Amino acid sequence: MSKGVIIFAHNNRQIDYIRMSILAAKLANKNLQVPVSIVTDPSTIDWMKESNIEKTVTETFDKIIITQRPDDTSNVKNYNDGKYHVHAPFTNGNRCNVWDLTPYDRTLMIDTDYLTLTDALSAYWEVDSDLLISGKYNDIQGHERVGYLDTHISETGIEMLWATTVMFTKNETTKIFFDLVSHVKEKYKMYSDIYRFNPIIFRNDIAFSIAKHIMNGHQKINEPKLPDIFSTADKDILVDVSNKKLKFLVAQNNSDAYVATTVTNKDVHVMNKFSIMRNYDNLMELAQ
Amino acid sequence: MQEQLDKALEFANYRQSFAIQRKNLKEKVDAQLTYGFNGGIFKIDRSLLNFVEMLINKSRKENVVLLDMNDNPILVDDLTKFSDEVFDRYFSATFTYLEEYQKIKKARSVEKLLEV
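Note that the structure is predicted; figures quoted are calculated from it, not measured. (Residues numbered from 1 in each chain as written. Chains lettered and ligands numbered in written order. Predicted model: local features only at pLDDT ≥ 70, side-chain atom pairs only at ≥ 80, totals over all residues.)

**Focus on the overall build of chain B**
Consideration 1: Per the secondary structure count, chain B includes 4 helices and 4 strands.
Consideration 2: Put simply, chain B runs from its N terminus to its C terminus through helices and strands in the order α-β-β-α-β-β-α-α.
Consideration 3: Over its C-alpha atoms chain B spans a radius of gyration of 20 Å, topping by over 25% the 13 Å that the globule rule assigns to 116 residues.
Consideration 4: If you line up chain B on its principal axes, its C-alpha atoms span 70 × 25 × 20 Å.
Consideration 5: Put simply, chain B has 116 residues, and 16% of those count as buried.
Consideration 6: In chain B, the share of contacts with a sequence separation of at least 24, taken over all contacts with a separation of at least 6, comes to 62%. (Helix = DSSP H or I, 4+ residues; strand = E, 2+ residues; numbered from the N terminus. Rg over C-alpha atoms; globule rule 2.2 N^0.38 Å. Buried ≥ 20, exposed ≤ 12 C-beta atoms within 10 Å, placed from the backbone. Contact = placed C-beta atoms within 7 Å.)

The structure is reproduced here in structure tokens:
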């Protein structure tokens, strides 16, 4: 059974996702010892050529899968960088196509801002479950900063799964699941009425949670999940990377007061993409 | 008074950094104590270690069914081998935990904590 990692990367004018995906891929490749493929689009490929990273991309990725850019022009959100923010499109609407796009029998799909710094996810390749999604958000500061909407899709809704990491085996059951995610995306407004969540922005986490809930017979089931997503919020700032240590300033209870901490030998989801890019070269050294 | 207040706030800042470091360290160890075996996922804890040891003492060493983290039944054909693996992982992870915990405990300022 072939296994590998897949990353979706669609650039916007503010964030160079393809460059970020090189880092995510190199770290995953080093620590999980499996090939990594990328799903991208023609305009991102054009940018890649223009910015002279074509050779690196070709060397890094097992397969470069070019697909149509999802039409997410109205899916816009604030990307925070500490106290500052920019408004940019959130192009994430084609993750549900991963089943058709992946070249692997067993696939791990990760976000571009997920830094695989350990082999922890390797333990899950052989787990006897067709579909594994992370069940919880684990905040770097702790419970104090985790709100109800980080654990549930709405105030009255079902529990939230985190599509930051998703592992699946390509078979009939998972085909049904991803088709269902696609359907939820298509009828997002309708599902927002049924599940009572805010549809203003399309989130894979919500679509995946609903599809899983439906597939489980509309009930909560105790089933295998991927490890909790250890995350730093986009208000947090990655200030330095040295001696295999990631130094963060953590926005205390999301306020403007910051507290310092370090992360070592731990997979981490760094939502502040700008701070990843500022520390790109140092982070890249961790992948050597 | 201002100086005393500054010191208190500095200490509060240190305690917050310490609490986050300790939480992160514990989670790192928890990840190391997660063991994938024969399609199941086991949490290596005292309960698993004791149960495995008890089964071996009762000479139940082959073709034993253990319940994993999700209560799924997992067949362990050679329990002695399984036991060696989980004990090794437990000692390695807890030793690392002790070593790193002592380092953060000794670091008495935010600056020193960040250097650990």
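**Some remarks on the overall build of chain A**
Consideration 1: When its secondary structure is counted, chain A shows 10 helices and 15 strands.
Consideration 2: The C-alpha atoms of chain A give a radius of gyration of 18 Å, which matches the 19 Å a tight globule of 288 residues would have.
Consideration 3: Structurally, chain A occupies a C-alpha span of about 50 × 45 × 40 Å along its principal axes.
Consideration 4: Sorting the 288 residues of chain A into buried and exposed places 47% on the buried side.
Consideration 5: For chain A, the share of sequence-separated contacts (at least 6 apart) that also reach a separation of at least 24 residues comes to 74%.

**A few points about the environment of H183(A)**
Consideration 1: Summarising the element assignment, H183(A) is placed in helix 6 (residues 172-186).
Consideration 2: Each C-alpha atom, one on H183(A) and one on A207(A), is 9.0 Å from the other, the two residues being 24 residues apart in sequence.

**Re the sheet that holds strand 15 (residues 268-270) of chain A**
Whether parallel or antiparallel, the strands of a sheet pair through hydrogen bonds between backbone atoms.
Residues and elements named next belong to chain A.
Consideration 1: Strand order across the open sheet formed by 4 strands is 7-15-11-9, with mixed pairing between neighbours. Sheet topology places strand 7 (114-115) and strand 9 (137-139) at the edges, where each strand pairs with a single neighbour.
Consideration 2: In this structure, strand 7 lies alongside strand 15, joined through 2 bridges in antiparallel fashion. From the neighbouring strand, L115 faces strand 15, where its bridge partner is V268. (Pairing = 2+ DSSP bridges.)

**Some details on the pairing of strand 10 (residues 162-169) of chain A**
Residues and elements named next belong to chain A.
Consideration 1: When you tally the buried positions in strand 10, you get 7 out of 8 residues, the bulk of the element.
Consideration 2: Relative to strand 10, strand 6 (residues 106-110) runs antiparallel, the two being bridged by 5 bridges. By the bridge assignment for strand 10, R106 is matched with T169.
Consideration 3: Sheet analysis places strand 8 (residues 131-134) next to strand 10, joined by 4 bridges and oriented antiparallel. Its bridge partner being in strand 10, L132 is matched across the sheet by M167.

**Thoughts on the environment of A31(B)**
Consideration 1: Positionally, A31(B) belongs in helix 1 (residues 2-32).
Consideration 2: For the pair A31(B) and K43(B), spaced 12 residues apart in sequence, the C-alpha to C-alpha distance is 8.9 Å.
Consideration 3: Excluding residues that lie within four positions of it along the chain, A31(B) makes contacts with T118(A), A120(A) and P227(A).

**Here's the deal with unusual backbone geometry**
All names here are of chain A.
Consideration 1: One non-glycine residue, H218, adopts positive backbone phi at about 55°.
Consideration 2: Tracing the chain through its elements places H218 in the loop between helix 8 (204-215) and strand 11 (229-232).
Consideration 3: When the 8 C-beta atoms within 10 Å are taken as the criterion, H218 is described as exposed.
Consideration 4: Despite not being glycine, N265 shows a phi value in the positive range, around 45°.

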